[in-house]
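Working through the structure, step by step
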Amino acid sequence: MKSLDELAKIRENRREALKIREGIPSATEKAHVMMCGGAGCISSKCTDVVDAMKESLSKNGIADQVQIILTGCMGPCDMGPVAIVYPDATFYRRLKPKDAEAIVEEHIMKGNMVQRLLYRSPGAKEPTPKVDDIDLFAKQKKIVLRNNFYIDPTSIEDYIANNGYAALGKALVEMKPEGIIEEVKKSGLRGRGGAGFSSGMKWGFTANAKGTPKYVVCNGDEGDPGAFMDRSVLEGDPHSVIEGMAICGRAIGAEQGYIYVRAEYPLAIERLDYAIKKAREYGLLGNDIFGAGFNFDIEIRIGAGAFVCGEETALLKSIEGKRGEPRPRPPFPANAGVWGKPTVLNNVETWANIPEIILKGADWYAAIGTEKSKGTKIFALAGRINNTGIVEVPMGTTLREIVFEIGGGIPRKKQFKAVQTGGPSGGCIPAEHLDTPIDYESLGEIGSMMGSGGMIVMDEDTCMVDIAKFFLDFVVDESCGKCSPCRIGTKRMYEIIDRISNGEGREGDIELLIELANTIESTALCGLGQTAPNPVLSTIRYFRNEYEEHIKDKKCACNVCEFKE
Amino acid sequence: MINLTIDNQKVAIEEGSTILDAAQIVGAKIPTLCYLKEINVIGACRICMVEVQGARTFVPACVAPVAEGMVVRTNTPSVIKARKLVLELILSDHPMECLTCVRNQNCELQTLAEEFGISEIRFDGAKTEYPIDDSSPALIRDPRKCVLCRRCISVCTNVQTVQALAAENRGFDTLIAPAFNDKLADMECVQCGQCSLVCPTGAIVEKDDVDKVWAALADPKKHVLVQTAPATRVQLGEAVGAEPGSIFTGQMVAGLRRLGFDKVFDTDFTADLTILEEGNELLQRVTQGGTLPMITSCSPGWIKFCEHFYPDLLDHLSTCKSPQQMFGALAKTYYAKKEGVDPADIYSVSIMPCTAKKYECQRPEMFSSGYQDVDVVLTSRELGRMFKQAGLDCSNLPEEEYDAPLGISTGAGEIFGASGGVMEAALRTVYEVVTGQTLESVDFEVCRGLTGVKEATVQVGDLPVKVAITNGLGNARKVLDKIRAGEADYHFIEVMTCPGGCIGGGGSPIPTNTNIRLKRIDATYTEDERMVLRKSHENPAVTALYEEFLEKPLGHKSHKLLHTHYTPRGVNK
């Protein structure tokens, strides 16, 4: 890729071919079927539906007039496999191979939507056929997931058609490195990995740090149980991450990037690997990109199953091929990152924001969200909620809107009890705080955290002691074992909570848990340990009576805990 | 300079220093456990936490760099409470076998527990359970007592570059062990014991052979003799409570006699002998075109290191056995014959500052007398315990002399215990033998001190002899890599396994640190100066040995008894 013109030519040609996906009927093609190819829909055998559809198209002699595209994750996983049929933008759900014929012969050939496969809001009699009208989608704002309905993740030209690599072009041809950093600072973008540090400031520190070469690293070691925001981006829109990293490379003066992806994401790795190859082929990675004298390339590093490698210093160690364990900071990666060199490390979701910020400007981005938390955030909805899956909403959306409007509320008319945000080290937030607007500070104030965006909903049947025990079990298992408070302290907390849930709790156990939790928070080496006590502290804070019941009355009101005789 | 406040005291300190460094200046003692100056600075144990104004959490003083205007409090009630709970947690995963632990009363964890006044452990949960590894002849690993401070890993990886130990598994199940939990005896561990020297608890200790010696002493049929390594006399005082740097030669000899040894001999004697054999080997290699540079072979950890990591360089090693093994071979041949003792009845004990010597004496090459040449090796620490068991107040014993003839030695033998000592001893002899002239000064200062790699050129007659001296295996590696690359034009290289040489050996009294090493080195050279004879070739007992038995250096008997060969072992075998 030698110039902006060259990119513009590809974009215009491809856009013409994709007009049908914008709802404009085509003279040559009858339909584009965007079949969700996220890992969830693949698990529910969407590829069988694709095969059946292809068979039906061939049988009807229109195979050359219909494209079937496997996209990235569309979000509503519990309805999978899902698909959108363009140009009508009709949303179909829970597809089976036997449904393929009806979609082809009724919808595509005759223009009659297949009513039984359409989405119906909870309680609604009439279906909502158009994807944009569905409440689940209508309340979302897609910046990071901008391409997931629209493009074939294996097509670099599809990405380019939706303004892909235009931001990189702009950054390289029209902007100065300091200008790029300034723009990212002004946008107010904060790290989506959970800590929420200003990305622009991080880039600035690294740009000013002594030492070369410098590196750009993407954290794709998404390990929170039930969270798959980053996977969805990597699977659905890998080029957005590559482009974001390349822009940063220009800004800080780095020529090499690493994307660290957990081994449990084989499809993400495959799509990313392919995207990198394509980007090289198109001259969007490699030497003298856009003729601007800028070289940049990316390598993938695959994790080995350790949750703690999502912690930045552990991840850097792991990239170097060493045991992934955190080390004390300072020095921060901006000064001593991979191989001891200045490094910018952001997570997948953060990177995917970058091209939009550069292209549309900091002011556009900063207009979205709250005063201190800008832009959107992706959440993975799980647990006792109707619409499980991923959603992207503007910062400042309330928990209530997410759980009850976008998420469709609690199934089987059960009562909402709590929502746990921030992954295994987040806190459990009770109903009284449902109107909290979601931003980094507000969640912290109520004893939880943004984390990477996991959101697990609990109803009246959920025992909070049992929940705290579940999350503690996770961190005990995932503690790297380096520092004593986390290695031994979380184990002791687990043992205490385990005996409480067995009906063997002792007088003073709650106080002992609090003492342990406070000490671990203030003495553990890394974020994993420092936040590990959150589920216990927040459940004691909001549901202390349940602990007391277990200890004093040997009773689990939810009938979840099994007491020893 | 960085200005900060610690406990309301203003302090200025160089940039890059830690809070711990700064606290020392103002006399604020911050407790530590995993921290080991310059070796292990990883902030893992979280005992050294302090309060820093504006910080979200407590801050580990050992790793946290000072910053301008920083306000630190080292002893607020909340800091002390947090430290105490962290310590309580560590203790909750400890076997509490203090009374039967070899490190009883010399244990950093025990000391902390006492200082913190821990009176109760409120956690009665799981404890780490991994089997004890006693496969090695030198060292025992007991993971149950491990506090995961990782000092052993750091010293093995960064100082010795052996990398025998690493963390495996994770969380509560984390284990410090050879890769794949291999046995120490079955892998590249060189048995140097530096890990046992830095371990704050009893998780890695020397294999205790004291009972074997008591049994031999109790056996009336046995003729039990003992040799003491050069470094032991500047260490043993510490093992019985004297100040570091105390010279304890005469008291140690007296103590050994009281324990009941039939003869108390000195490894210094065979150190002198080594100089004659090794010096002549060097001259032979130089004049007849043998493999150069020649490298010393006194240090068994180094030998094993070379066999594993540099098997291609084994021809560079001197074929001389170590002084301990020369002594062993002679005790059961020359001495047995001279004294009219059946070698089968001789029980040969060796006191060493070294754990690898326990391994060395069991090597199959070390049976040249027809028996195991050295039956058992005790470290300085073990002899200290024997003295205690016997109720000997060695510090107050009148000094005694070694027995003749294997106890007669020179200052040259004595300095074998310090890094550079073998080289200096060799130079004293080679110079005089080659030139026929008397040295004006026997002190080759250039050989001395703790510097990792020392280099010098010494004019010996017409030949400028280029030498190098290394201590600590990581430093040896630097020189060995030069040899491999064909960039080393040395004639002679001294390699000692342990930092500082044998005075810092893995069998030394605990603690052993840089400061204590320096004191032992000073004592070594003081002892050298006190000797009447300071050159190995002037040792009359060695001369007699050649006249009566060996005939000449590198002769037939020498070849059989005093020289050895090596085994290429490689790695991951």
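Residues numbered from 1 in each chain as written. Chains lettered and ligands numbered in written order. Predicted model: local features only at pLDDT ≥ 70, side-chain atom pairs only at ≥ 80, totals over all residues. Heavy atoms only, no water.

1. Concerning the domain arrangement of chain B
All names here are of chain B.
- Along its sequence, chain B is carved into domain 1 (2–75), domain 2 (98–206) and domain 3 (210–561).
- Between the C-alpha centres of domain 1 and domain 2 there is a distance of 26 Å.
- In this assembly, eleven residues from domain 1 lie in contact with 15 residues from domain 2.
- Taking both partners together, domain 1 and domain 2 bury about 960 Å²; carbon and sulfur atoms supply 67% of that area.
- When the buried surface of domain 1 facing domain 2 is broken down by residue, L33, L36 and I39 rank first, second and third, together holding 50% of it.
- If you look at where domain 1 meets domain 2, you find one salt bridge.
- Between K29 and E115 there is a salt bridge, with the nearest N and O atoms lying 3.2 Å from each other.
- Its residues assigned to classes, the side of domain 1 that touches domain 2 comprises eight nonpolar, two polar and one charged. (Domains from an automatic or database assignment. Contact = heavy atoms within 4.5 Å. Buried area = accessible area lost by both parts, 1.4 Å probe. Salt bridge = Lys/Arg side-chain N within 4 Å of Asp/Glu carboxyl O. Nonpolar A, V, L, I, M, F, W, Y, C, P; charged D, E, K, R; others polar.)

2. Some thoughts on the interface of chain B and chain A
- At the junction of the two partners, chain B supplies 34 residues and chain A supplies 35 residues.
- Carbon and sulfur atoms supply 55% of the area that chain B and chain A bury against each other, a total of about 2,800 Å² over both sides.
- When the buried surface of chain B facing chain A is broken down by residue, L89(B), R170(B) and F172(B) rank first, second and third, together holding 22% of it.
- At the boundary of chain B and chain A, one finds five salt bridges.
- The closest approach of N and O atoms between D124(B) and R499(A), which form a salt bridge, is 3.7 Å.
- Across the chain B-chain A interface, the total number found is 21 residue pairs in polar contact (both at pLDDT 80 or more).
- Counting residues per element, the ones that place at least two in the side of chain B that touches chain A are α2 (77–92) and β7 (166–168) of chain B.
- Here the side of chain B that touches chain A gets seven residues from one element, more than from any other, and that element is α2(B).
- Its residues assigned to classes, the side of chain B that touches chain A shows 18 nonpolar, seven polar and nine charged. (Polar contact = N/O pair within 3.5 Å; in protein donor to acceptor, adjacent residues only side chain to side chain. Helix = DSSP H or I, 4+ residues; strand = E, 2+ residues; numbered from the N terminus.)

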